[in-house]
Amino acid sequence: MSNPPLSANSTILGIESSCDDTSAALLINGKIAANITASQDVHRKYGGVVPELASRAHQSHIIPVIQTALDTAGITIHQIDAIAVTQGPGLMGSLIVGVNTAKGLSLALKKPLIGVNHLHAHIAALYIEHDVVFPMLCLLVSGGHTQLIWAEAPGIYSLVGQTIDDAVGEAFDKGSKIMGMGYPGGPEIAHWSETGNDQFQKFPDSQTDSLDFSFSGIKTSLLYFLQKSQQRDPEFLATHRADVCASYQKALIDMLLKRVKKALKEFPAASIGLMGGVSANRLLRSEFATLGQTHQIPTYIPSFEYCTDNAAMIAQAGLYLGQQAQYMSMGALPYTRA
Ligand code: KG4
Ligand code: ZN
């Protein structure tokens, strides 16, 4: 027998394990009652996510994280109405841990299972805190994706531009690695940028005619700039780290905003939204909000806890799917590409 649609006040357990964060959340009566995330420090020394290590860490984190979420919300597993889980895109081994845990719970508890697209969930992060006015032009910026999305309603999305090579989060991560700094690179570069001069060095914008982005060139120009400068002065990076970070960060943000401005000329947006891990960047947040003010339309940006990967956004996206009875079958597989 097929499951009926969920009601707006359902209790949904959200599970996220697409990359290197294991997260569980509870959405109860339209409010996030718990959002618990275990990050994986094990990748730090490699300067990026090691897929096999990520799968193993998810395996050991997932049950304690779900239990902590239930304890925080003050409910038992038997009180949930449905389970929403990230189905993709992401790392296959990581997704399998979340999807199979969710399938096991669904079978054992006889509760419906909802497969959530991770990118749609980043957009749904906005619905946790805002009554969004549509149509909304979205800038989705994460470690694996950089996309401009035209959103007409929750779940009704079309892609209007995307990166043709690296994601902007990757440009932060690789830039940090080039400068001998830690992973994830975004927070490191943002931290150093606070005391730097963003006019110190001009990094070139890759020219794309469409609304697409390209970030591989700027990363290479950072590498060559540092190699040349260090040859002249071996202490160059030690002396100018903050200035280089600030200039690099500013160039990346300018490249993002240039495309958003261009898209706003083509699309009659009633609002703009920013989401994904890179939306935790303070300079990007403030410049994006200024853009909304200039266009006199509302700007939506998630609170910090809903920017990087989290299960609250999975539960929220799951609610919309469950309300339409869009459930996942037991035979459904994770998918790795958007
Ligand atoms: O959405 P997310 O948590 O995972 C993916 O779905 O990829 O995004 C992670 C990305 C990483 O590249 C990380 O460096 C970046 O978000 N990030 C930041 C900041 N915090 C996280 N980038 C710039 N500034 C930040 N403050
Ligand atoms: Zn993400």
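See the structure printed just above.
Residues numbered from 1 in each chain as written. Chains lettered and ligands numbered in written order. Predicted model: local features only at pLDDT ≥ 70, side-chain atom pairs only at ≥ 80, totals over all residues. Heavy atoms only, no water.

A. The arrangement of the layout of surface pockets in detail. Within this model, the second largest pocket holds a volume of roughly 270 Å³. Secondary structure elements with two or more residues in the lining of the second largest pocket: strand S5 (113-117), helix H3 (118-129), strand S8 (156-162) and helix H9 (312-323). For the lining of the second largest pocket, the residue count by class is nine nonpolar, six polar and no charged. Split by domain, the lining of the second largest pocket shows at least three residues from each of two domains, domain 1 (11-125 + 307-323) and domain 2 (133-297). (1 Å grid on protein atoms, 1.4 Å probe; cavity = no way out; pocket = protein on both sides within 12 Å on 5 of 7 lines; lining within 4 Å. Points joined across faces, edges and corners; volume = space filled by probe spheres on them. Helix = DSSP H or I, 4+ residues; strand = E, 2+ residues; numbered from the N terminus. Nonpolar A, V, L, I, M, F, W, Y, C, P; charged D, E, K, R; others polar. Domains from an automatic or database assignment.)

B. Region of interest: the packing of helix H4 (residues 168-178) against helix H7 (residues 236-266). Axis separation between H4 and H7 bottoms out at 11 Å; the angle between their running directions is 170°. In terms of orientation, H4 and H7 fall into the roughly antiparallel class. Packed against H4, whose contacting residues are Val168, Ala171, Phe172 and Gly175, the element H7 presents Tyr248, Gln249, Leu252 and Leu256 at the interface. (Axes fitted to C-alpha atoms, helices over the stretch in contact; angles between N-to-C directions. Parallel < 35°, antiparallel > 145°, perpendicular 65-115°, else oblique. Contact = heavy atoms within 4.5 Å.)

C. Quick look at the packing of aromatic side chains. Under the defined criterion, the tally for this structure stands at eight aromatic pairs. For the pair phenylalanine 203 and phenylalanine 225, a centre-to-centre distance of 5.9 Å together with 90° between the ring planes defines the contact as edge-to-face. Residue phenylalanine 203 is located in the loop between helix H5 (185-193) and helix H6 (216-232), and its partner phenylalanine 225 is located in helix H6; the two are separated by 22 residues in the primary sequence. Each member of the pair, phenylalanine 203 as well as phenylalanine 225, carries the same accessibility label: buried. (Phe/Tyr/Trp six-rings, centres within 6.5 Å; stacked < 30°, edge-to-face > 60°. Buried < 20%, exposed > 50% of the residue type's maximum accessible area, 1.4 Å probe, protein only.)

D. The arrangement of the coordination of the zinc ion (ligand 2) in detail. Coordination sphere of the zinc ion (ligand 2), protein contribution only: His118 (NE2), His122 (NE2) and Asp309 (OD), at 2.0 to 2.1 Å. Summarised as a motif, the one-chain spacing of the donors to the zinc ion (ligand 2) is H-x3-H-x186-D. In this pair, histidine 118 and histidine 122 are both assigned in helix H3, four residues apart and thus about one turn of the helix distant. As far as burial versus exposure is concerned, histidine 118 and histidine 122 are alike and both buried. (Donors = N, O, S within 2.8 Å, 3.2 Å for Na, K, Ca; no water.)

E. Representation of the packing of H4 against H5 within the structure. It is at 7 Å that the axes of H4 and H5 come closest, and there the two elements cross at 70°. By the angle class used here, H4 and H5 are roughly perpendicular. Seen from above, H4 lies across H5 with left-handed handedness. On H5, the residues touching Phe172, Asp173, Gly175 and Ser176 of H4 are Gly185, Gly186, Glu188 and Ile189. Broken down by class, the residue content of the contact of H4 with H5 amounts to two nonpolar, four polar and two charged. (Left-handed = near helix turned anticlockwise from the far one by under 90°.)

F. Structural detail: unusual backbone geometry. The omega angle of the peptide bond from glycine 88 to proline 89 is -5°, so this bond is cis rather than trans. Of note, the amide linkage connecting phenylalanine 134 to proline 135 takes the cis form, showing an omega dihedral of -5°. Looking at the secondary structure, you find proline 135 in the loop between H3 and strand S6 (136-141). If you check the backbone angles, asparagine 29 has positive phi at about 55° while not being a glycine. For asparagine 29, the location among the structural elements is in the loop between strand S2 (21-28) and strand S3 (31-39). Of note, alanine 325 is a non-glycine position whose phi angle comes to about 55°, a positive value. Within the secondary structure, alanine 325 sits in the segment after H9. Looking at alanine 325, the relative accessible area reads 31%, which means it is partly exposed.

G. Quick peek at helix H2 (residues 92-109). When the terminal C-alpha atoms of H2 are compared, their 25 Å separation across 18 residues agrees well with the 26 Å that a helix rising 1.5 Å per residue should span. Turning to H2, its buried residues are Ser94, Leu95, Val97, Gly98, Val99, Thr101, Ala102, Lys103, Leu105, Ser106 and Leu109. Elements in contact with the buried residues of H2: strand S1 (11-16), helix H1 (51-73), strand S4 (82-88) and S5. In the segment just after H2, lysine 110 is the residue with positive phi, at about 55°. (Expected span 1.5 Å × (residues − 1).)

H. Broad picture of the side chain of serine 55. With respect to the helices and strands, the residue serine 55 is situated in helix H1. A relative accessible area of 14% means that serine 55 is categorised as buried. Apart from the residues within four sequence positions on either side, serine 55 is in contact with Gly93, Ser94 and Val97.

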